[in-house]
Amino acid sequence: MSGGFGKRGAVGVDAIPAPSPAAASVPVAAPRSVPIAPSAPSSTRPPAPPQDARRPDSYYETKSAIFSALIEAIDLAQLARLEPDSAREEIRDIVNEIISLKSLVMSISEQEELLDDICNDVLGYGPLEPLLARDDIADIMVNGNDKTYIEVGGKIQLTNVRFRDNSQLLNICQRIVSQVGRRVDESSPICDARLPDGSRVNVIVGPLALDGPTLTIRKFKRDKLTLEQMVKFGTVTAEGAEILRIIGRSRCNTVISGGTGSGKTTLLNCLTRAIDEDERIITCEDAAELQLQQPHVVRLETRPPNLEGEGQVTMRDLVRNCLRMRPERIIVGEVRGPEAFDLLQAMNTGHDGSMGTLHANSPREAIARMESMISMGGFSLPARTIREMIATSVDVIVQTQRLRDGSRRITHVTEVVGMEGDVVTTQDIFVFEILGEDQNGRLIGRHRSTGIARPRFWERARYFGEEAKLAAALDASEVAEELRG
């Protein structure tokens, strides 16, 4: 066994003696509270266990006993200084010796599974590690220590993953949020955070969560989606993807609207790929999850209040500060409050091509929601003034929707035309129609053009030299519709 880090000389009444004489000269173990940074996602993670059977309680009792003996036998301070792969090998060596000294009878597969679990507990995010390693999972939902759900292919399913107890789950939640300088406990029971790969995390604990800590992770794929891949998935047609690319390239002010889990952030990431590399982009988010590929990007993130209730930095503070940072584009991860007023002002004062997402079920509802968010911010403006601001600031609304079969579709590409009386007028360029469903319950539909041959942003596209491609995409969409019809 390797002697890469210290081990205690004795572990307890019926526990393990010192594994080797060489260990006596190594420093005494550090306290249990020494933090260990979780290892980054890598190919060394084990595959997810089968989802059709739950482990017996005896497995968790054995694991708990070995884990306790391991913590007594290792020096966490020295372990934290090792590379993740080296630390994993050291832990495996000691656990193998603990199993041998305790005379536990286990098959090779059971022992390997136990080794992986314990390594994940010490170095990573415990039972979540196999789920985080899978690229086909969109969401991980932990409801207390004994129920973990995942979303695969748009459908939610129960897994056999469980935690030792709520204390272990809470410890993992605290480990996640502490990486971004935040905390979660009884005095601050709600927290938004992110994983190193940008995956969004929400944690809510007691006394608000009655059945134990509740953890929700919105996972990002390792291979970032592009508009071309969205075409392959049927999210949008090739012609629609080209129009979206032109919208992004032509610096149209764009709002992406949709429900929870409908793919708003993913689509926003795809649209930003059309931005030129020489543009200065500033992003504002509650939890940084946008992953722009351009070289000149400044990322800003809100900050919750501290223990004294001070030091909070809101989204509105960030958006207002953006205006002093010489931005060419401002991108707001999610507009959910009075920052909508500042974003609209930015769109209307020379920051063309700004983008944001919000929660709404249709383009028309998106306009109403922006109006209500501005009103809730305490601005004493007439309704008509707010609507005029929306009509002159927003060029395009892209609506996404998660359908009942779990698929995600871009259902509307709508441009804001102007005002008629007190009403903001819009016109659809593309819409998605549901035609039926197949024998497997998958919805069948089509994206169709509404026949608008010259959208309102035509002049903007011509300014950027994109009018020929825009005309070709609109013409091709009408031809494709005729062929499908």
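Placed above this text is the structure.
Summary of the structure given here. (Residues numbered from 1 in each chain as written. Predicted model: local features only at pLDDT ≥ 70, side-chain atom pairs only at ≥ 80, totals over all residues. Heavy atoms only, no water.)

**Topic: the environment of L358**
Then, in step 1: Position of L358 among the secondary structure elements: in strand 11 (residues 355-359).
Then, in step 2: A residue is classified by how much of its surface remains accessible, and L358, at 1% relative accessible area, is buried.
Then, in step 3: In the structure, L358 is positioned 25 residues away from G333 in sequence and 8.5 Å away in space, judged by C-alpha atoms.
Then, in step 4: Among all residues touching L358, those that are not within four sequence positions of it are V255, I256, S257, G258, K264, V335, A366, R369, M370 and M373. (Helix = DSSP H or I, 4+ residues; strand = E, 2+ residues; numbered from the N terminus. Buried < 20%, exposed > 50% of the residue type's maximum accessible area, 1.4 Å probe, protein only. Contact = heavy atoms within 4.5 Å.)

**Quick notes on the pattern of salt bridges**
Once their charged atoms are close, side chains differing in charge can pair, the charge on each being opposite to the other.
Then, in step 1: Scanning the entire structure with this criterion turns up 27 salt bridges.
Then, in step 2: A salt bridge links R326 to E328; the nearest nitrogen and oxygen atoms lie 3.9 Å apart.
Then, in step 3: Taken together, the shared-partner salt bridges connect E242, R245, R249, D276 and E466 into one network. (Salt bridge = Lys/Arg side-chain N within 4 Å of Asp/Glu carboxyl O.)

**With respect to the sheet that holds strand 6 (residues 214-218)**
Then, in step 1: Spatial ordering of the open sheet is given by 3-2-1-6-5-4, a layout of six strands whose pairing is antiparallel. Edge positions in the sheet fall to strand 3 (155-158) and strand 4 (190-194), since each has one partner strand and no second. If you compare each strand with its neighbour and ignore which way they point, the axes differ by 15° on average. (Pairing = 2+ DSSP bridges. Axes fitted to C-alpha atoms, helices over the stretch in contact; angles between N-to-C directions.)

**As for helix 3 (residues 84-101)**
Then, in step 1: With 18 residues, helix 3 extends 26 Å from end C-alpha to end C-alpha; this agrees with the ideal 26 Å at 1.5 Å per step.
Then, in step 2: Taken together, the buried positions of helix 3 are A87, R88, E90, I91, R92, I94, V95, I98 and I99.
Then, in step 3: Count one or two residues on from helix 3 and you reach S103, which has phi positive near 55°. (Expected span 1.5 Å × (residues − 1).)

**Considerations on unusual backbone geometry**
Then, in step 1: A cis geometry characterises the amide bond from G206 onward to P207, with omega recorded as 5°.
Then, in step 2: Considering the arrangement of structural elements, one finds P207 in the loop between strand 5 (200-204) and strand 6.
Then, in step 3: Although it is not a glycine, R326 adopts a positive phi angle of roughly 55°.
Then, in step 4: Counting through the fold element by element, R326 comes out in the loop between helix 10 (315-322) and strand 10 (329-332).
Then, in step 5: A residue is classified by how much of its surface remains accessible, and R326, at 57% relative accessible area, is exposed.

**Quick look at the state of the cysteines**
Then, in step 1: Using the criterion set out here, one finds zero disulfides in the structure.
Then, in step 2: No disulfide involves C191; its sulfur sits 9.6 Å from the nearest other cysteine sulfur, which is in C173.
Then, in step 3: Taking the relative accessible area as the measure of exposure, C191 reaches 5% and is therefore buried. (Disulfide = S-S within 2.5 Å.)

**Some remarks on the side chain of D405**
Then, in step 1: Examined against the element boundaries, D405 turns out to sit in the loop between strand 12 (396-402) and strand 13 (408-420).
Then, in step 2: Looking at D405, the relative accessible area reads 5%, which means it is buried.

**Let's talk about the sheet that holds strand 7 (residues 254-258)**
Then, in step 1: Spatial strand order, 9-8-10-11-7-12-13-14-15: nine strands in an open sheet with mixed pairing. Sheet topology places strand 9 (297-301) and strand 15 (443-449) at the edges, where each strand pairs with a single neighbour. Each strand of the sheet is rotated relative to its neighbour by a mean of 25°, with strand direction disregarded.
Then, in step 2: As judged from the seven bridges shared by strand 14 (residues 423-437) and strand 15, these two strands associate in the antiparallel manner. Residue pairing across strands places E437 opposite L443, the latter belonging to strand 15.

**Some details on the pairing of strand 10**
Then, in step 1: Neither face of strand 10 is open: one carries R329 and I331, the other I330 and V332, and all of them are buried.
Then, in step 2: Two elements, strand 8 (residues 281-285) and strand 10, share four bridges in a ladder whose sense is parallel. What sits directly across from I281, in strand 10, is R329.
Then, in step 3: One crossover worth recording links strand 10 to the parallel strand 11 by way of helix 11 (residues 339-347), and it is right-handed. (Right-handed = clockwise from strand over helix to strand, strands pointing away.)

**Topic: the side chain of T400**
Then, in step 1: Among the secondary structure elements, T400 is positioned in strand 12.
Then, in step 2: A polar contact is formed between the side chain of T400 and the side chain of S262, at a distance of 2.9 Å. (Polar contact = N/O pair within 3.5 Å; in protein donor to acceptor, adjacent residues only side chain to side chain.)

**Here's the deal with the pairing of strand 4**
Then, in step 1: Alternating positions in strand 4 separate cleanly, C191 and A193 being buried on one face and I190, D192 and R194 remaining unburied on the opposite face.
Then, in step 2: Adjacent in sequence and paired antiparallel, strand 4 and strand 5 are bridged by five residues, among which G198 carries a positive phi angle near 95°.

**Things to note about helix 4 (residues 108-123)**
Then, in step 1: Taking 1.5 Å per residue, 16 residues should reach 22 Å; helix 4 reaches 22 Å between its end C-alpha atoms and fits that length.
Then, in step 2: For helix 4, the set of buried residues is L114, L115, D116, D117, I118, C119, N120, D121, V122 and L123.

**Concerning the packing of aromatic side chains**
Then, in step 1: Following the criterion strictly, the structure yields one aromatic pair and no others.
Then, in step 2: Taking the centre distance of 5.2 Å and the plane angle of 85° together, the rings of Y463 and F464 count as edge-to-face.
Then, in step 3: Given a relative accessible area of 21%, F464 falls into the partly exposed group. (Phe/Tyr/Trp six-rings, centres within 6.5 Å; stacked < 30°, edge-to-face > 60°.)

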